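# Geometric and topological summary
Single-letter residue listing:
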Amino acid sequence: METAAEIVQHSGGVIGLSWLTIALPLLGAAILLLGGRRTDRWGHLLGVAMSLASFVVAVIVFFELLGFGADERRRVVELYDFLPGGTLDVKMGLLLDPLSISFVLLITGVGSLIHIYSIGYMAHDPNRRRFFAYLNLFVAAMLLLVLADNYLGLYVGWEGVGLASYLLIGFWQHKPSAAAAAKKAFIVNRVGDMGLALGIFVIFTTFGTIAYGPVLANASQASQGTLTLIGLALLLGACGKSAQLPLQSWLLDAMEGPTPVSALIHAATMVTAGVYLVVRSGPIYIGAPTAALVVTIVGVATLLAGAIIGTAKDDIKKALAGSTMSQIGYMMLAAGLGPVGYAFAIAHLIAHGFFKASMFLGAGSVMHAMNDEVDMRKFGGLAPKMRITWATFGLGYLAIIGFPLLSGYWTKDGIIEATMEHSPILGWLAVIGAGITGFYMSRLFFMTFHGKPRWEKDAHPHESPAVMTWPLILLSIGSVFGGAFLIMGNRFMEFLAPAVGRPKELPHFAPFSVAGVATLAVVAVGVAYAWLKYGRAEVPAVAPRGSFLTVFARRDLYGDAINEALFMRPGQWLTRLAVFFDNRGVDGLVNGLAALIGGTSGRLRRVQTGFVRSYAMSIFLGAALLVGAWFVVGNL
Amino acid sequence: MSTLTAAPITAPTIEYGELAPMLIIFGAAMIGVLVEAFTPRYLRKSIQMPITVLSMVGAFALTVWQGVRGVRSAAAMGAIAVDGPSLFIWGAILLLAIVSVLLINDDDHFVAEAAAVPGSAEEDQALSQGGAHTEIYPLVLFAVGGMMLFPAANDLLIMFVALEVMSLPLYLLCGLARRRRLLSQEAAMKYFLLGAFSSAFFLYGTALLYGFAGSVDLKAIATALSTVGGQDALLFIGAATLGVGLLFKIGAAPFQAWKPDVYQGSPTPITALMASGTLIAAFGALLRVFWVALGDLDAEWTPVLWGVAILTMVVGAVLAITQTDIKRMLAYSSIAHTGFLLTAVVATGKESQNANALSGILFYLLAYGFATVGAFAVVTMVRDPGGEAGHLSRWAGLGKRSPLLAGIFALFLLAFAGIPLTSGFFGKYAVFAAAVAGGAVQLVIVGVVTSAMAAFFYVRVIVLMFFSDPAPEGPTIAVPSMGTAAVVTLSAAATVVLGVFPQPVLDLAHTAAQSLFVR
């Protein structure tokens, strides 16, 4: 079974009701948005209930799916005729297979925990109900994205999560920075979405359909050039949504949103949609090695860029955002490797969903305790004050740097080793990335929880309420055991095989491969260096100027400067030119014309003298004219 | 065929059954006159109103019945054509007349004592006694009867008689406005003088065409076109002057000058009746003359009507822009619409093409008629101490003070502008499509451009109503009587229904047009 299994039609059972997973949160969002202030009192509870209900349905669907033989685990539930239009006839259906159900469980599971956490985090926000409405909307859209059985459904979900992301980044729109960040995220994503749309157009013209089943099954029959075009277009979409180079710039700014949003949307789920798209479109990339190569290059470049950015940020959320970029870079790299990497990509995605969400929520817990402070230089020595947060964050931290036997160790190591076999250059770059990860995550951890306290005077750190700590604890269980559970004995690879196919050779990892040992070594070096610099030594309260490399990293590798120079300023010039042309040229013409007609009207009006004799005269002259004209025409 | 030389005059056969709708109206008008003569003043209104409405409803029912029976004949020795277009036009005129009568029935529009000098003591006395002229009902009935006969006349003399029967009561009615008496009397005087002048043209044309063809029968004139030679001067001058009389009645440029003055000065309900009923009737007559009698002369008159249509559209749209009085603006708008309708008249050719053009014109006339009556009904409700608030500046901010009324008026304006989902859109589409099919593409381009210009002044009123601050001592909105409310509601409903589900009426117009005019 090297290729994916056949997709079978399904009806009945709980799988037949899987649309409920989307409908329930959507209903929640509708009630909360339409209900307005009347729902303020219980709105958050409804939001949580809808998300949990969706999770319960997902779990039952998952077990029902397990009841089928491996070859029968790709099941389509037809819902309705979405777009019956001539040659483009899109039937809306949900594709339940191991790949999508993995995402569904992650989205609803982690999503529900973050919903619960938000009850505490947003307790004092007057707009908490609206926040939960948007969260529900996000969950619904994200589920549609991963469950749709065709590219158009995916696109609808894709735009839906984009909308939810926009609304949530700008949730505190009274802050100009939040409004600007929301706008930036939306505009950058527009570029990516255009790529996705173009990709779908080419898919339709090539295959005459946009349903996954026929497109992916016939992918090998299309020419390599076409597949490369599709692959690159889809990759552009993936880059936008997953903050991969060159469309990475929005993610760091997106941290302006409330922290649960950063955890759910900008770490655990939405930003991984690009990885889902690439893995889902696997057969296209298999037929287009160039596109696949570009995917891996983008992945490696982003994992390094994100890691470098992470080293220089003092804002705890931005450092974590850099880390997110970097980790998604790993997933993208794995996804570009083909079937051998898919399982690792998705496994790392799931593990990352747990530990990154746990760390973001931990950061939120710290901020909650420190009057919403995000500057790590004003933290330090928080470990004794908030034990649970420290412990859960610590486990997430160990997981992400790949501490042996924790989640990240299994999944990231798998990616590095698989890359090593594929291309040693990329592999070693990934190893270096792991080393930098070790450094910046340790820096973040030590600066926040250890060393001497550098708190502001009015800070009184305290542990967060149970409604916030319990999600942390549950998430950290995932960050400890998730990786081992998925990777050991190729369990996850076997599980995913019906959906994405299986590599020709199963990867066999020696316990002490060169890559594995090297990775552990560089990570250890990174951690040690961070300990020397930020754990043992005094951390200055104000960031030192730093070398040009530090500045380079601090300024997001000049990503914004490049965007501004290449796109924003020429764009502004173009706008000004257009406005100038519109004011002088178009408006001048229109206004001139209007003035001409108005003037004519004013002059002609004088003909209407009100004297009946002049009216009679005009009738007489008109009659003469008519008779004359008649003669002229008649004698032509 | 009637020849004046035939010695013994045989009594004509008259198909009373087929002419019944018209006869009912005329009969009711006669009864109305008798009522005026023999019943006490206080009873008259309560007798006249039912007679008027019932006769119209009855006539409408008979018209529908004729339509269902599929009557297509030239009745009264071929002098009156009862055919598809006639029946459709009768139905439309009767419907709009019923609606207008509901408006006319409102107190407060008509003068108490028409003979009193404006501003004199007699007038004050009549006003204080609460007098009212109930003669308006039979006058309206006569006018409506004339309107029905005019487009059905298959003979130029009958047509002339119909023209006068239609016009004379209207001249009178124009001068009966309760307020701004002088303006009203001036309007009546102008209308009468110019109407008489144009009737003279009509009659002169009839005479010349008789000289050419030896008959006033439309069919005989059509036959003569091919048989009589060497009489071009008679034919051309006759046809042209006949055309002047007809074009005057529809208000095409350069014969449009009376329209703004008359529309402004007349009592608004009468304006509504004229703007809808007279226009429909006159168009019917115009089409019958040009398509039946002069159908084979189209090579000559098409270019002339091209010019007239363009001039009419441009004059209507351009002059409307600088109008400051709502009724004058609607008058110029009516001129522009006349121009739009003329584009389809120009499109003659094969029979099927004629049928399409005709059905488009019929639909347009009905749609425009309802929107017009509705719009004038709204005008009657916006009042200043001295009468209706005519000046546009008084309408500023009306949307804030009376959103429902302003919204309905906006609906009518949008229908005039031809915005989709209103009746005006399909009307305009139908006539322009017919004109394009008839090869008059340039004409349609002018039509579209002038439509855009027209849209400007329609939308300007909407902007004025909804986006300007209300005038400090703005007009009051009269609480509508049952009749006025019904008129506004019916017209708005017709405008929306014809805009959303035009198909049934389009089909009806198409069926009516299919047989074209009987010859």
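Residues numbered from 1 in each chain as written. Chains lettered and ligands numbered in written order. Predicted model: local features only at pLDDT ≥ 70, side-chain atom pairs only at ≥ 80, totals over all residues. Heavy atoms only, no water.

Going by an unreviewed UniProt entry, chain B carries the name NADH-quinone oxidoreductase subunit N and comes from Sphaerisporangium melleum. Chain B has a UniProt comment under Subunit (unreviewed entry) that states "NDH-1 is composed of 14 different subunits. Subunits NuoA, H, J, K, L, M, N constitute the membrane sector of the complex." UniProt annotates chain B under Sequence similarities (unreviewed entry) with the comment "Belongs to the complex I subunit 2 family." (UniProt positions renumbered as here; feature names shortened; annotations may be inferred.)

An unreviewed UniProt entry annotates chain A as NADH-quinone oxidoreductase subunit L originating from Sphaerisporangium melleum.

## Re the overall build of chain A
In terms of helices and strands, chain A carries 24 helices and three strands. Residue burial in chain A is summarised as follows: out of 636 residues, 57% are buried. Residue pairs in contact within chain A that sit at least 24 positions apart in sequence constitute 81% of those at least 6 positions apart. When the accessible surface of chain A is totalled, it reaches about 25,400 Å², and 70% of it is carbon and sulfur. (Helix = DSSP H or I, 4+ residues; strand = E, 2+ residues; numbered from the N terminus. Buried < 20%, exposed > 50% of the residue type's maximum accessible area, 1.4 Å probe, protein only. Contact = heavy atoms within 4.5 Å. Areas by Shrake-Rupley, 256 points an atom, 1.4 Å probe, with all protein chains shown as cover.)

## Here we look at the sheet that holds strand 5 (residues 476-477) of chain B
Residue and element names in this part refer to chain B. Pairing is antiparallel across the open sheet formed by three strands, whose spatial order is 4-3-5. Looking at strand neighbours, the two that pair on one side only are strand 4 (387-388) and strand 5, the edges of this open sheet. Both strand 3 (residues 382-384) and strand 4 contribute to a ladder of two bridges, which runs antiparallel. Bridge assignment links D384 to a residue of strand 4, and that residue is G387. (Pairing = 2+ DSSP bridges.)

## Description of unusual backbone geometry
The step from L245 of chain A to P246 of chain A runs through a cis peptide bond, and the omega angle for that step is 0°. Tracing the sequence through the fold places P246 of chain A in the loop between helix 8 (224-242) and helix 9 (249-253). Following A253 of chain B, the chain continues to P254 of chain B via a peptide bond in cis, the omega torsion being 0°. Here P254 of chain B is to be found in the loop between helix 10 (232-250) and helix 11 (258-265). Not every positive phi belongs to a glycine, and N371 of chain A is a case in point at roughly 60°. Checked against the element boundaries, N371 of chain A lands in the loop between helix 15 (339-369) and helix 16 (387-401). Located in the positive-phi region is M77 of chain B, a residue other than glycine, with phi close to 60°. Secondary-structure assignment places M77 of chain B in helix 3 (residues 75-78).

## With respect to the nonpolar core
M56, V144, F150, L170, F290, W291 and F409 of chain B are the most contacted members of the largest nonpolar core, which has 201 residues in total. Among the elements that line this core, the one with the most residues is helix 15 (residues 351-381) of chain B, at 19 residues. Apart from the residues within four sequence positions on either side, V144 of chain B is in contact with I25, M56, I93, L94, A97 and L273 of chain B. I265, A319, M493 and L557 of chain A belong to the second-largest nonpolar core, a separate cluster that totals 195 residues. (Core = buried A, V, L, I, M, F, W, Y, C linked by side-chain atoms within 4.5 Å.)

## Description of a nonpolar patch on the surface
All names here are of chain A. The grouping of F548, L549, F552, Y558, I562, L566 and F567 at the surface amounts to a nonpolar patch, some 750 Å² of accessible area in total. Of all the elements in the fold, those that place two or more residues in the nonpolar patch are helix 22 (548-554) and helix 23 (559-605). One can find F548 in helix 22. Overall, the relative accessible area of 68% leaves F548 in the exposed class. (Patch = residues over 30% accessible without salt bridge, like charges linked within 9 Å, V, L, I, M, F, W, Y side chains within 5 Å. Salt bridge = Lys/Arg side-chain N within 4 Å of Asp/Glu carboxyl O.)

## Concerning the packing of helix 16 of chain A against helix 19 (residues 466-487) of chain A
A pair of packed helices is characterised by two quantities: the angle between their axes and the separation of those axes. Residues and elements named next belong to chain A. Two elements in contact, helix 16 and helix 19, have axes whose closest approach is 9 Å; the angle formed by their N-to-C orientations is 25°. Regarding the angle of helix 16 to helix 19, the classification is roughly parallel. Regarding helix 16 and helix 19, the two cross each other, and that crossing is left-handed. In contact with I388, T389, T392, L395, G396 and A399 of helix 16, helix 19 contributes T469, L472, I473, S476, S479 and V480. Its residues assigned to classes, the contact of helix 16 with helix 19 shows six nonpolar, six polar and no charged. (Axes fitted to C-alpha atoms, helices over the stretch in contact; angles between N-to-C directions. Parallel < 35°, antiparallel > 145°, perpendicular 65-115°, else oblique. Left-handed = near helix turned anticlockwise from the far one by under 90°. Nonpolar A, V, L, I, M, F, W, Y, C, P; charged D, E, K, R; others polar.)

## Some remarks on the interface of chain B and chain A
Contacts between chain B and chain A engage 38 residues on the former and 24 residues on the latter. Interface area, chain B with chain A, both sides summed: about 2,700 Å², of which 80% is carbon and sulfur. At the junction of chain B and chain A, the tally comes to zero salt bridges. The interface formed by chain B and chain A includes seven residue pairs in polar contact (both at pLDDT 80 or more). A per-class count over the side of chain B that touches chain A returns 29 nonpolar, four polar and five charged. (Buried area = accessible area lost by both parts, 1.4 Å probe. Polar contact = N/O pair within 3.5 Å; in protein donor to acceptor, adjacent residues only side chain to side chain.)

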